[in-house]
Amino acid sequence: STSTTPWTWSKLGTRAAMKTHEGRRGTPFALLAMALLSLPRGADGGAAADTPGARASPPDMGSSHSGTSQAPHQANCGHVFILNTDIRHLACDAWLLPVSRAMEVDRVWNVSPNDLPYRPRGWGTTALAVACREKDEQGRRRRVEERFRTYEHPVPILTDVLSNPADGKKSLDELLAALRQFLELAKDEALAKPSRFGRALPLIAVPIFGAGLASDELLQADVGHLGETILAVLEELRAFSQKYPLDIALCTIDGAAFGAALNARRKQFPGFVNRAPAFVRNPEGWRDEVNRLSGLCLSGHLSLFLGAGVSINAGLPSWPQLLEQIAFTVGFDELAIARMRALDPLEAATVCAARAGGESALKEVVSRIIGRVKRHSLQHALLSGLPFKGAITTNYDELFEQAVRCAGGDIAVLPAQIGGVRDMWLLKMHGTVRRPGSIVLTRADYSRFSKEQAASEGVLQGLLLTQHVLFVGFGMRDENWCRISASVTGATWGNSNSGGNGNSNGSGRDIARTHHNANSHSHTQNALAISGGNANAHTQGGSSSISGGGGGGNRAQSHLHGLAHSEQRHGLGSGLVFGADSDLRGTPRSLLGTVLSLQADDVLDELWEDVLHVTPMDSLGVVPHGQLASAHPLAVQARELEIFLDYLTSEIESKRCRVLLNPKFGALLSSGSRALNIALEDFLATLPDEAKMSGGFRQLLGTLLFMGLRTERVRALLADQTLEGPYHQRLSKLAEKMPNNVRAYRHLLVAGNGRNGKQLRKSNQ
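Residues numbered from 1 in each chain as written. Predicted model: local features only at pLDDT ≥ 70, side-chain atom pairs only at ≥ 80, totals over all residues. Heavy atoms only, no water.

J.: Would you mind going over the packing of aromatic side chains in detail, with residue names and values included?
T.: One pass over the full model with this rule turns up 14 aromatic pairs. Look at F305 and F474: their rings are 4.6 Å apart centre to centre, the planes differ by 45 degrees, and that puts the pair in the tilted class. Of this pair, F305 sits in strand 7 (residues 302-306) while F474 sits in the loop between strand 11 (468-472) and helix 19 (479-493), placing them 169 residues apart in sequence. Residue class for F305 comes out buried when judged on its relative accessible area of 0%. Taking 6.1 Å as the distance between ring centres and 85 degrees as the angle between the ring planes, the aromatic pair formed by F474 and W481 counts as edge-to-face. The same class applies to F474 and to W481, which are both buried. Ring pairing ties together the aromatic residues F269, F272, W286, F644 and Y647, which thus form one cluster. Positioned above the aromatic ring of F272 is the side chain of R265, whose terminal nitrogen or guanidinium carbon lies 3.8 Å from the ring centre. (Phe/Tyr/Trp six-rings, centres within 6.5 Å; stacked < 30°, edge-to-face > 60°. Helix = DSSP H or I, 4+ residues; strand = E, 2+ residues; numbered from the N terminus. Buried < 20%, exposed > 50% of the residue type's maximum accessible area, 1.4 Å probe, protein only. Lys NZ or Arg CZ within 6 Å of the ring centre and 35° of its normal.)

Here's what the structure looks like:
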C-alpha cells in the first residue's frame, strides 16, 4: 500500500478528466496529469513528485537568475543520468532502439510489428533514425484511448548503430552521427507535449553502444575500445542536454560498463568530482550529505525504506487518485465521490470495499490498477544501484524488484519467499499485486496487521536497531510505521542517559498519537503518497558484472563467483569505511536513519528530530528557472532528488575501482590507476603456481574479479578452462529470460564461438 496518510482528493473526477481530454489528441497521460495539476502546492516532502507540470517553450538562456552566481541556463538545462538498468523497462518519453541497416527488430525489444515504421528514403546513408508510429488511424485512436486508461508508452526510435556482418564494424564517427539524429527526433517528440510520466523535464534513454545483451560488438567478442566510445557518447549527450531542457539516461545491463560510464562522466563533469552541482542553493550541504550517505553505503550500514513517492514517475496514481479510481470503478458517481473526500483514507477504502462486494473484490480492483504499470521509474533504477543489505516497502507494485533484477540482482521478496538464499531481500509490508489477498488497505486490514504480520514487524524493528535506514518517497505517517518506530525508540532510548538521546523516548511515544490526531485532516502532503509499491532491494553494489547468476554446478565455479559477489556486497571487501558517519564508529547511535524529503516541513522535522536525520531537497537543490519554473514545485524537487541519488551513486562508484583490470576501459583510467593496473598485471604474471593454489589467493581473486579481471585471465592463471566468471554467469542468467533466438546466440557467445555468433546474428536479421 501507499503510506496510509491523510490525503487530498484531486479536484477533477475520472469522468471529468476523460471529458476534458476529448479532442486533445496531443495530451498524453491525461487523467494523471490533470488530476495532479489540480492538487495544492504545499505537499509532503516525504513522497515523490506527482505533477508533470505545464510544458513551456525552451528557456531564455540570457535572462538573469537570482539566488546563484551561475549562468541561468545551468540551473535549467538537462542532466545526464547513468543507469545500470534495462532500457526496455525504463519509464521515459523516448528511447533509442538499436538496429542495423537491415532495419529488422529482434523480438528481444518487445516492439509490436504493427508499430514498426516503413523504411525511410535514404535509410542507412542520410536517414539514420526513425520513430515508431502507428501506421493507420485505428492504431492512433487506440493509443489516444490508452492514454487515460494507463499511460502513453515511450516512443522507440529505430537508430542505425548496429553493424552488418558484411559491412564490418561501425566507426565511432558513424555511431555519433546516428546518435545525433536520434537526439533530434527524441527532442521533437519529448518537447511537443508534457512528460509522459509526470517529470519536470522529459526523459530520453540511450543504451551504451557495445555493452548490451544483443550487442553486435559482444557477439563478435570484440574487446575493442569501449572506453573511448563511452567518452565520446557522454560528451555528445552533455552538449545536447545543456542546449535543451531534456534529461538523458545512459543505460546498460552490463555492470562493468555502468561503472566505466560513471568514471568517464567524472572525468568530463567537474561537478561530480566536487560531489555537488555548481548551481545548487547549498553546495556544501549537498556535498556533506553525499559524503555521509556514501560512507554508510560502502561500510555496509545502509538499508532502504521505500514509500509510494518512488513510483509516481513510473505512472502510478497518488493516494487521492488511487482512491478516486477505485471509487469510480466500483460504481460511485461523482457526487458520492465528492462526499467521500472528507473521509479518512482507511474509512474511504472500507466504504469502497462494501460497494465492491467485500475486501477480496476491492483488492482485485487495486491489483488491476497498480499492475497495469510495467516500467520502473528513474528513482527505482537509481536506488537499485546503491549497495545495501535489505529493503522494506509499503508499496504494492513490483517495479523496484524489476529494477533490481535489471541491474543483475537476485532478490528475495518477503514474506512470500522466506527461507530462500538470495543476494538481498525486500520486505513488502503491505502486500503485493502478485497476491491481491496480501494487500493492506482498509481499516480492518490495519487492525489485523499486528496480529498476522508479527514477523514483518520484527524485520522492520531489527532493521531499525541494526542499520541506518534511508527513507525515500515515504510520508512518515503510516500507522504501522508510527507504531513500530515508537516501539523501537522506546526500546533503544527508554533508559538511556547518554547525551541528547534521553528525550527521544518521549518523541517516540508521541508519534502514533500525533499521527492519529492528524488522520482526521486533509493534509496537502499526502498528495505525494502514491499507491504503487516498489518492493525490492538490490544486489549489494548493484553490479551486474559481479553478482551474476546462472550456470555452474562446479564447486570451483561457485566458489569463484561467491568470492566476487562478496567483494561487491561490501564495497571493496576490506571493511574500510569511507567517510561514514562518526556515530557508527562510536558507542550509541543517535539516529535511526535519514529521510530524503522533497520539501521542508517544520512540524514533522521537529517531531522526528531526535529519531531521524531529515534532508529536504528544496533546501539543497536549484532555484527553478525557465522551463523548470513553470513545472509544479513537487515535480522539480523530485527531479532534484533523482540528481542527488545520481551524485551519490557516482561517489560510491569512485571508491570501488570496478574497471581497473578490464582492458575494454583502459582509456578511462587516470595516471595513478594506470600505474596500479600495470603493477597488478606484473604481480599476476610473476605469481608462482604454488601461490595460486593457496586459500589466500582465492580470497584475493574475489577482489580482482570485482576490479574487472576477465574470466579468460582467471582461467589462464588457474589452468582451469571450466571456471565460469561472474560476467558470463550474469549473461547466462539474463538469457534465460529472453526469447529463444536471443538465448541461442547468447549461448554461443558464452561458449566463446564468435564466428558462429556472427552467423547466427545474420540469420536472425
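Next comes the rest of the description.
J.: Could you give me a rundown of the packing of helix 11 (residues 319-329) against helix 14 (residues 359-371), with the residues and numbers involved?
T.: Between two packed helices, both the angle of their axes relative to each other and the distance between the axes serve to describe the pair. Between helix 11 and helix 14, the shortest axis-to-axis distance is 10 Å and the interhelical angle comes to 120 degrees. The pairing of helix 11 with helix 14 is recorded here as oblique in orientation. Between helix 11 and helix 14 lies a crossing whose hand is right-handed. Between helix 11 and helix 14, the contacting residues are L322, Q325, I326 and T329 on the first element and L362, V365, V366, I369 and I370 on the second. Residue classes in the contact of helix 11 with helix 14 are distributed as seven nonpolar, two polar and no charged. (Axes fitted to C-alpha atoms, helices over the stretch in contact; angles between N-to-C directions. Parallel < 35°, antiparallel > 145°, perpendicular 65-115°, else oblique. Left-handed = near helix turned anticlockwise from the far one by under 90°. Contact = heavy atoms within 4.5 Å. Nonpolar A, V, L, I, M, F, W, Y, C, P; charged D, E, K, R; others polar.)

J.: Could you give me a rundown of the environment of V130, with the residues and numbers involved?
T.: Along the chain, V130 turns up in strand 3 (residues 129-131). C-alpha of V130 to C-alpha of Q181: the two residues are 51 residues apart in sequence and 8.7 Å apart in space. Among all residues touching V130, those that are not within four sequence positions of it are M103, P117, P120, W123, P156, I157, L158 and L185.

J.: Talk me through helix 29 (residues 711-718); I want residue IDs and the actual numbers.
T.: Considered for burial, the residues of helix 29 that qualify are T711, V714, R715, L717 and L718. Buried residues of helix 29, viewed axially, fall in a sector of 165 degrees; they line one side. Downstream of helix 29 by one or two residues, A719 has phi in the positive range, about 55 degrees. (Arc of directions from axis to C-beta.)

J.: Could you give an account of the packing of helix 13 (residues 345-356) against helix 14, with specific residues and numbers?
T.: As a packed pair, helix 13 and helix 14 sit with axes 7 Å apart at the nearest point and diverge in direction by 105 degrees. The angle between helix 13 and helix 14 falls in the class roughly perpendicular. Across from A349, C352, A353 and A356 in helix 13, the residues of helix 14 making contact are E359, A361 and L362. Of the residues contributing to the contact of helix 13 with helix 14, the split by class is six nonpolar, no polar and one charged.

J.: So what about the pairing of strand 2 (residues 94-99)? Which residues, and what values?
T.: Counting buried positions along strand 2 yields six of six residues, so the element is predominantly enclosed. Of the two faces of strand 2, both are covered, the one formed by A94, L96 and P98 as well as the one formed by W95, L97 and V99. Inspection of the sheet shows strand 2 paired to strand 4 (residues 155-160) by six bridges, in the parallel sense. Across the sheet, residue P98 finds its bridge partner in strand 4, namely T159. (Pairing = 2+ DSSP bridges.)

J.: Account for helix 26 (residues 671-685), naming residues and giving values.
T.: The end-to-end C-alpha distance of helix 26 is 21 Å, a good match for the 21 Å that 15 residues give at a rise of 1.5 Å each. All of the buried residues along helix 26 are N677, L680 and L684. The buried residues of helix 26 occupy one face: seen down the axis, they fall within an arc of 70 degrees. Turned more than 90 degrees from where helix 26 packs its buried face, S671 and A685 sit exposed. Contact partners of the buried residues in helix 26: helix 28 (695-706) and helix 29. (Expected span 1.5 Å × (residues − 1).)

J.: Give me the state of the cysteines: which residues, what numbers.
T.: With the rule as written, the count across this model stands at zero disulfides. As a non-bridged cysteine, C406 has C251 as the owner of its nearest cysteine sulfur, 9.9 Å distant. Taking the relative accessible area as the measure of exposure, C406 reaches 8% and is therefore buried. (Disulfide = S-S within 2.5 Å.)

J.: Describe the pairing of strand 1 (residues 80-84), and please don't skip the residues or the numbers.
T.: Counting buried positions along strand 1 yields five of five residues, so the element is predominantly enclosed. Alternating positions in strand 1 separate into two faces, V80, I82 and N84 on one and F81 and L83 on the other, with burial throughout. Taken together, the five bridges between strand 1 and strand 6 (residues 247-252) define a ladder with parallel strand orientation. Considered in strand 6, the bridge of N84 is made with T252.

J.: Lay out the sheet that holds strand 2 in plain terms, naming residues and giving numbers.
T.: Read across the sheet, six strands follow the order 1-6-5-2-4-3 without closing on themselves; strand pairing throughout is mixed. Every interior strand has two partners, whereas the edge strands, strand 1 and strand 3, have only one. Recorded for the sheet is a direction-independent mean angle of 25 degrees between the axes of neighbouring strands.

J.: How would you explain the environment of V433 if you had to name every residue and give the values?
T.: Along the chain, V433 turns up in the loop between strand 10 (424-428) and helix 17 (443-452). Looking at V433, the relative accessible area reads 14%, which means it is buried. For the pair V433 and D397, spaced 36 residues apart in sequence, the C-alpha separation works out to 5.9 Å.

J.: Can you lay out the sheet that holds strand 13 (residues 612-616) for me, pointing to particular residues and giving the numbers?
T.: If you walk across this open sheet you meet the seven strands as 9-10-8-7-11-12-13, and the pairing is parallel. With one partner strand each, in any of the chains shown, strand 9 (411-414) and strand 13 form the two edges of the open sheet. The mean inter-strand angle of the sheet, taken between neighbouring strand axes irrespective of direction, is 20 degrees. The sheet contact formed by strand 9 and strand 10 spans four bridges and is parallel. Within strand 10, the position partnered with V413 by the bridge is L426. Packed on one face of the sheet, helix 18 (residues 454-466) meets strand 7, strand 8 (390-393), strand 10 and strand 11 and runs near 125 degrees to strand 10.

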